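Here are the chains, one letter per residue:
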Amino acid sequence: MRAFLRGVSSAVPRAASARALTTLRLPLARYTPLVASTPLSPLCASLRGRVWSLSPPARSMSSDPDVDYFNTVKDMADKGSAEAQFNLGMCYMAGRGCDMDEPQAVKYYTLSAEQGNAEALYNLGVCSYYGRGVEKDKMEAIQWYAKAADKGHTPAQFALGVCYEKGFLPGLEKDTKKAIVFFEKAAEGGDAAAQFKLGEAYYYGRTGVTEDFDRAFKLFKMAADQGLAKGQYNLGMCYYYGQGVENNEATAAELFLKAAVQGHPQAEYQIASCYYTGKGVEKDMDKAVTWFTKAANQSHPVAQYSLAQCYYYGRGVEKDEDKAMQFYKMAASQGHAQAKYWLGIIIQNRQKAE
């Protein structure tokens, strides 16, 4: 029964280090948007969405509120405010009210970190890890993460857990016991990524812990309650199969839909299947096709096959063999055996008709 979760991408897959480093960006970016090399708009959007600790100036001194904010923060930072120094670093990193200047960002993160600011310590770790404004040094990054983690900074605790779990950094040996300790700390501190990661560990009985569906369910629920799509999907599957909780297809469908509207491909496929079969929801072929299409467009092979079947038989859409063939090909290219079979049938029938 555990096989149903194998399609769920974990917070850090077992791939080579390059792939593992990419997955680290999600939790690390929560506090500092160091996720892309060029696009300024997402960076600025992330900054504006953050709850800044300093109040804006009482009276606007320019036509640009970001410039006003920058000037106010810089004045307070230069007077020694650790929180202002951290926020000024954020401004320089994202170009809010100033030109982007990563070395300046590091300078102010450092001043804030010297006063014990946990977020600044963590951001210095991110900068060292990715070489943003400072020479790339992953072992130094680990030291910054450790200092932030000691202050209860949950993304830093999660990042350390990932590093110890994988052991992919030179000079840092794999240690699943330490990994679980940091995952537990981050999860207890409310970090949704850590809750999800720990839930997977207990579900599969890996990373040095014993299989425990009840514990996994509780952790998935914690992550889901914070809106994490992966947590909502996995929690939905627990309800669907009755693992760690009594079976409830209606609740499962609600959770699949919550994750699906966030663009989670497996959830898109699963809610489509619910509408197709009428499990947990009223049967609705139009909605089934809509969600199969969304999942198929995200390269979900089973969704591509299912959508092909809809077009082939005219279920929820007009019968269209050409479109069916298109989606069979997509699924077949990803190794889907049944798609290969039906693709062969269509090709064979067309050859006979010639």
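Residues numbered from 1 in each chain as written. Predicted model: local features only at pLDDT ≥ 70, side-chain atom pairs only at ≥ 80, totals over all residues. Heavy atoms only, no water.

## Here's the deal with the overall build of the protein chain
Check the secondary structure of the protein chain and you find 18 helices and zero strands. Taking all 354 residues of the protein chain together, the buried fraction comes to 49%. Of all intrachain contacts in the protein chain linking residues separated by at least 6 positions in sequence, the fraction that spans at least 24 positions is 52%. Surface accessibility of the protein chain: about 16800 Å² in total, with carbon and sulfur atoms responsible for 49%. (Helix = DSSP H or I, 4+ residues; strand = E, 2+ residues; numbered from the N terminus. Buried < 20%, exposed > 50% of the residue type's maximum accessible area, 1.4 Å probe, protein only. Contact = heavy atoms within 4.5 Å. Areas by Shrake-Rupley, 256 points an atom, 1.4 Å probe, with all protein chains shown as cover.)

## A short note on the nonpolar core
Core analysis: the biggest nonpolar cluster contains 105 residues, and Y109, Y145, F256, I271, F292 and Y328 have the highest contact counts within it. With residues up to four places along the chain from it excluded, the contact list for I271 reads A253, F256, L257, A260 and W291. (Core = buried A, V, L, I, M, F, W, Y, C linked by side-chain atoms within 4.5 Å.)

## Quick notes on the packing of aromatic side chains
Going through the model one piece at a time under the given rule, you end up with 24 aromatic pairs. The interplanar angle of 90 degrees and the centroid separation of 5.1 Å between the aromatic rings of Y203 and Y204 together place this pair among those described as edge-to-face. A single burial state applies to Y203 and to Y204, both of which are buried. Look at Y311 and F327: their rings are 6.0 Å apart centre to centre, the planes differ by 5 degrees, and that puts the pair in the stacked class. Of the two residues, Y311 sits in helix α16 (residues 301-313) while F327 sits in helix α17 (residues 321-333), which places them 16 residues apart along the sequence. As far as the burial class goes, Y311 and F327 line up, both buried. Members of the aromatic cluster, joined through ring pairs, are Y305, Y312, Y313, Y328, Y341 and W342. (Phe/Tyr/Trp six-rings, centres within 6.5 Å; stacked < 30°, edge-to-face > 60°.)

## Looking at the pattern of salt bridges
Evaluation of the coordinates by the stated rule reveals ten salt bridges. Taking the shortest distance from any N to any O, the salt bridge between K79 and D75 comes out at 3.3 Å. Residue K79 is classed as exposed on the basis of its relative accessible area, which comes to 67%. With its nearest N and O atoms 2.6 Å apart, the salt bridge here joins R350 to D322. Of the two residues, R350 is situated in helix α18 (residues 337-353) and D322 in helix α17; the sequence distance between them amounts to 28 residues. A residue is classified by how much of its surface remains accessible, and D322, at 52% relative accessible area, is exposed. Where salt bridges share partners, they join E321, D322 and R350 into one cluster. (Salt bridge = Lys/Arg side-chain N within 4 Å of Asp/Glu carboxyl O.)

## As for helix α11 (residues 213-225)
Taking 1.5 Å of rise per residue, 13 residues should cover 18 Å, and α11 covers 18 Å from first to last C-alpha, within 8% of that figure. Among all positions of α11, only A216, F217, L219, F220, A223 and A224 are buried. On the buried face of α11, the contacting elements are α9 (176-188), α10 (192-204) and α12 (229-241). Two or three places before D214, at the start of α11, stands the capping residue D212, its side-chain oxygen 3.1 Å from that residue's backbone nitrogen. After α11 finishes, the residue G227 shows a positive phi value of roughly 90 degrees. (Expected span 1.5 Å × (residues − 1). Polar contact = N/O pair within 3.5 Å; in protein donor to acceptor, adjacent residues only side chain to side chain.)

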